[in-house]
Amino acid sequence: GGALLIVLVVGGSVWFVRSRSAARQAAALQTQVVEETKTRLSGDLAACEGASDAEVCREDEVRQAAVRSRALEICDALSGDAYASCVTDVAVKKESLESCGALEDASLCRDRVTFALAKSARDYDGCGRIADGVLKKSCQGQLIGSVLASGRACASTHLSQEECLVIELRAQAVKAGDVSI
């Protein structure tokens, strides 16, 4: 009994130390990525100086750099709508709802991340958690094919009875090899 307890304590300690070490390494790597991105970005921003719309160029370069590096800190160089757009794009890329917390009004960010999560998981029901009606319909529309292919009843989706009938008739036509149906 005592030997088992010692093994468990030692094993747990080793796991704890390794997990903390891995977390520190990941944080150090992210810091390095952010610093390298900022260095590269300063050169990209210099190229915006001669652009016809230097501010739009600057905002676009910052947003692209933030998304590439998946680093919200890069968005701090922006303000207003440009900042919100940057944070949202990074959150979508990271598929991280928590990242939306950097915004005062995070509803669009949360909806776009929820859309990305539903799409990557092929989770039609996940689309139902999207508040924005247009975005929800778009999500459902993109995932409806996989839902129906899985054998789920059309009536359990967002489609109307007429739309379900059309889909059923098309399926019958394909199965029968008869496009006149």
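Before reading further, recall that the structure is shown in the block above.
All figures in this text were calculated on a predicted structure; none of them were measured in a lab. (Residues numbered from 1 in each chain as written. Predicted model: local features only at pLDDT ≥ 70, side-chain atom pairs only at ≥ 80, totals over all residues. Heavy atoms only, no water.)

**Quick word on the overall build of the protein chain**
Put simply, the test is: Numbering goes from the N terminus for both helices and strands, where a helix is a DSSP run of H or I of at least four residues and a strand is a run of E of at least two. For every residue, the accessible area (1.4 Å probe, protein chains only) is compared with the maximum for its type, and the residue is labelled buried under 20%, exposed over 50%, or partly exposed between those bounds. Any pair of residues with heavy atoms lying within 4.5 Å of one another is described as a contacting pair. Only the protein chains shown count as cover for residues, and all accessible areas are computed by the Shrake-Rupley method using a 1.4 Å probe.
From N to C terminus, the protein chain includes seven helices and zero strands. Counting from the amino terminus, helix and strand elements in the protein chain follow one another as α-α-α-α-α-α-α. Looking at the protein chain as a whole, 27% of its 181 residues qualify as buried. Intrachain contacts of the protein chain at a sequence separation of at least 6 include 23% that bridge at least 24 residues. Here the protein chain displays about 11,700 Å² of accessible surface, and carbon together with sulfur accounts for 56% of that area.

**As for the state of the cysteines**
Counted only if it meets this: Put simply, a disulfide is two cysteine sulfurs that come within 2.5 Å.
Per the counting criterion, the structure on display carries five disulfides. Here C75 is linked by a disulfide to C86, with a sulfur-sulfur distance of 2.1 Å. The sign of the S-S torsion, about -75°, decides the handedness of the disulfide formed by C75 and C86: left-handed. Remark: C86 occurs in helix α4 (residues 80-94) and C75 occurs in helix α3 (residues 72-75); sequence separation between them is eleven residues.

**Considerations on the nonpolar core**
We apply this condition: Take the buried residues of types Ala, Val, Leu, Ile, Met, Phe, Trp, Tyr and Cys, join any two whose side-chain atoms come within 4.5 Å, and each joined set is a nonpolar core.
Grouped together as the largest cluster of nonpolar side chains are 21 residues, with contacts concentrated most on I74 and C75. Residue assignment for this core shows that the elements contributing at least two residues are α2 (54-69), α3, α4 and α5 (107-121). Broken down by element, this core gets its largest block of residues, six residues, from α4.

**What to know about the packing of α2 against α4**
As a reminder, the rule being used: As a rule, the C-alpha atoms of each element are fitted with a line to give its axis, helices using only the stretch in contact, and angles between N-to-C directions run from 0 to 180 degrees. The scheme is simple: roughly parallel for angles under 35 degrees, roughly antiparallel for over 145, roughly perpendicular for 65 to 115, oblique for anything else. Two helices crossing with the near one rotated counterclockwise from the far one by less than a right angle form a left-handed crossing, whereas a clockwise rotation gives a right-handed crossing.
Relative orientation of the contacting elements α2 and α4 amounts to 25°, with a least axis distance of 9 Å. Taken together, the axes of α2 and α4 lie roughly parallel to each other. Like other packed secondary-structure pairs, α2 and α4 cross with a definite hand, here right-handed. The residues of α4 that touch α2, namely those facing E59, V62, R63, A66 and V67, are A82, S85, C86, D89, V90 and K93.

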